[in-house]
Structures are given as structure tokens and as C-alpha cells.
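If you want the building blocks of each chain, they are given just below.
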Amino acid sequence: MPGWKAAHMPGQSGRTAVVTGANSGIGYVAARELARHGASVVLACRSAARGHAAEVRLRAEVPGAQVQFLPLDLADLASVREFVAAYGQRRDGDTLDLLVNNAGVMALPYGRTADGFETQFGVNHLGHFALTGLLMPRLLAAAPGARIVNLSSGFHALGDVDHTDLNGERSYRRWIAYGRSKTANLLFTHELSRRLAAAGSDIVTAASHPGYAATNLHVGAAPQAGTTLTSRIAVAANTLGNALGNGVIAQSAASGALPTLYAATAPGVRPDDFIGPRLGWRGAPARSWRARWTLDDTSGERLWAASEKLTGVPYTSLSR
């Protein structure tokens, strides 16, 4: 891994990838580099205007790129189902080689999705859980070699999921809720890896995090002042990182995307790997530290069962 760059990616010709939140930041860079290496890439974005603009920009930066925008709002399960239906109508919609669950929201005030879920838990975890489950038959059809990459964060260390209050109805602290949603991403990765192995599938499900990258995700989070110590620390880190740009703390979106691209394409990535910057907040991709609760089998099973019930998306294509 030392010194690994996007230029080290193996060729992706003949592979199809879906990248959520691909209109800016890490998602856009990941989509661009996958297309640059020959993949056919679907940009799954909530905003039609930004999604179309990203498609135009990517085609200009990568002449001949195979890229298409399709609308996807992870805060609305109906939109998730519509996206999957639209994906299936594409010429190569029978299979899917790579799913990058990149989109997310960060440290928002309490709100609810169209289906009534707390917004961060609903978008960051449940929307991607439903999307992955609905696309699973296509991923299985593309195996061997298919991969799923779930974007988590070092902020997962702020808290384990609260199985008795998944939607934050009893108490809500926006940074803790964000950390719990990122823990949910890692628990999902852990449990999906276990279930794929039990089903005899060689699909690799891994997680990644960008360290501290200067992206639009932090712009919306930093100004929302919190009162808890963890909130103040997180806001201070965001503010300082934005102020320093790509200097001492924050790295560019291009650098922040490297762990995702490594998890998505590099040989030797193992099921349930967690890839992040070597120094924690910046640097070349390396296997990353993760909190012990993200490897808890019982917790993963509980979250899985709750997620299937809440989304109405059972993973019937996987049998245990």
C-alpha cells in the first residue's frame, strides 16, 4: 500500500460501477478515476441539476468516458426502488461489478426522511442497506470479482449503535448520531461479509474512510454549533481543517478518495477490511483501526434484522 495512487488501479474495462453521491467530493473523484480506468460508471445523485452537471464535467475531463447519471434520493425508499428499476433498464443492467456506497450527510439537526427515519441513520445506513439489497442479485450475477464498498468515518468512534433507539427518538445529539450512523456502516460491512461467505459468494464487501478531506460534507456540518464536548471538538476540527485547506490537516478530495478506490479495485482487499489513510487523517491507503463494537456479531445481526424490517428489503438472494 505505501505510496499507492489512483494510477496504480488495475484496468476496469468491462466492469460496471454505481457510485452514490457522485456529483462532488470523494464520490465524484472515485467515479472519475473508475471511468478513467475503463469502467462504465453510473452517477447516483439526489439532485438532477448537480448530477447532470457532474456527468458533463466528467465527460470533459475523461474523453470517451462511459458515464450516466441516474437520480437517487437515499432519504426516500421509493426513490431507491425507482433507481434500481432504472438501472435494470440500462443495456448492461443485468449485472453490477462494483457498488460504492459513498453518499452521506453529517451532523445535521434532528430531522426525518420521507419514510420517517432519523435523517443521518436513514440516509447513511438504511438507504444504502436497501440499495445494496435490491442490487444484490445483479452483484451476485457479476461474481466473481464483484465488490461493495461502504463509506464510514473515523467519527464512528463517537458511539456504538443504540439498538433501543435507532431513530434517536429518546435523545438526539447530532455528532453522536453521525458517529452511530458510521458505526452502522461498519456493522453492515461486517455482517454482509459474514452472510456472503455463508452463501458461498466471493463478493468482497469492504469499508473505507477518507481521513480528513476537504469536501462539501464538512461545509454544512461545521457551522452548526454543538454544546457537548464531542460536538465542540468535532466542530473545531472541521473549522481548522477548512481554514488550513490541504495544508496541515485536511487533504484534497482526490487524496481522500484513494482509500475508497483502493478498497474498490486493489488486489488483496479482504472481506470486512477497513481502509483509510495511513496516518489516520491523511496519507496513502492502509488498513485502519476500528472500534471493537464494529466487529460484534450479535450487534451486526440485530442491526441487520432491524434494517430489513424498517426498509422492507429482505436479502432473499442470500441464504444462510
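Below: a short report on this structure. (Residues numbered from 1 in each chain as written. Predicted model: local features only at pLDDT ≥ 70, side-chain atom pairs only at ≥ 80, totals over all residues. Heavy atoms only, no water.)

**A word on the pairing of strand S2 (residues 40-45)**
Each regular strand displays side chains that alternate between the two surfaces of the sheet. Taking burial as the measure, the 6 residues of S2 include 6 buried ones, the bulk of the element. Neither face of S2 is exposed, since Ser40, Val42 and Ala44 on one face and Val41, Leu43 and Cys45 on the opposite face are all buried. In terms of handedness, the path from strand S1 (residues 16-20) via helix H1 (residues 25-36) over to S2 forms a crossover that is right-handed. Here S2 runs beside strand S3 (residues 66-71); their pairing, made up of 6 bridges, is parallel. Among the inter-strand pairings, Val41 is bridged to a residue of S3, identified as Val67. (Buried < 20%, exposed > 50% of the residue type's maximum accessible area, 1.4 Å probe, protein only. Helix = DSSP H or I, 4+ residues; strand = E, 2+ residues; numbered from the N terminus. Right-handed = clockwise from strand over helix to strand, strands pointing away. Pairing = 2+ DSSP bridges.)

**A short note on the packing of aromatic side chains**
Enumeration according to the criterion identifies 10 aromatic pairs in this entry. Relative to Tyr172, the ring of Tyr110 has its centre 4.9 Å away and its plane inclined at 80°; by these criteria the two rings are edge-to-face. Of the two residues, Tyr110 is situated in the loop between strand S4 (98-101) and helix H4 (119-142) and Tyr172 in the loop between strand S5 (147-151) and helix H5 (174-198); the sequence distance between them amounts to 62 residues. Looking at Tyr172, the relative accessible area reads 24%, which means it is partly exposed. Summarising the aromatic geometry, the rings of Phe155 and Tyr178 are spaced 6.2 Å apart at their centres and angled 65° between planes, so their arrangement reads as edge-to-face. Taken together, the residues Phe155 in the loop between S5 and H5 and Tyr178 in helix H5 connect sequence positions 23 residues apart. Among the residues examined, Phe155 registers a relative accessible area of 22% and is labelled partly exposed. Stacked on the ring of Tyr28, the Lys or Arg Arg57 has its end atom at 4.1 Å from the ring centre. (Phe/Tyr/Trp six-rings, centres within 6.5 Å; stacked < 30°, edge-to-face > 60°. Lys NZ or Arg CZ within 6 Å of the ring centre and 35° of its normal.)

**Comments concerning helix H3 (residues 77-88)**
Between its first and last C-alpha, H3 extends 17 Å over 12 residues, near the 16 Å set by a 1.5 Å rise per residue. For H3, every residue scored as buried is listed here: Leu77, Ser79, Val80, Phe83, Val84 and Tyr87. Looking down the long axis of H3, one finds its buried residues gathered within 155° of arc, a one-sided arrangement. Buried-residue contacts for H3 involve S1, S2, S3, H4 and helix H10 (297-311). N-capping of H3 is provided by Asp76, with a side-chain oxygen placed 3.0 Å from the backbone N of Ala78. (Expected span 1.5 Å × (residues − 1). Arc of directions from axis to C-beta. Contact = heavy atoms within 4.5 Å. Polar contact = N/O pair within 3.5 Å; in protein donor to acceptor, adjacent residues only side chain to side chain.)

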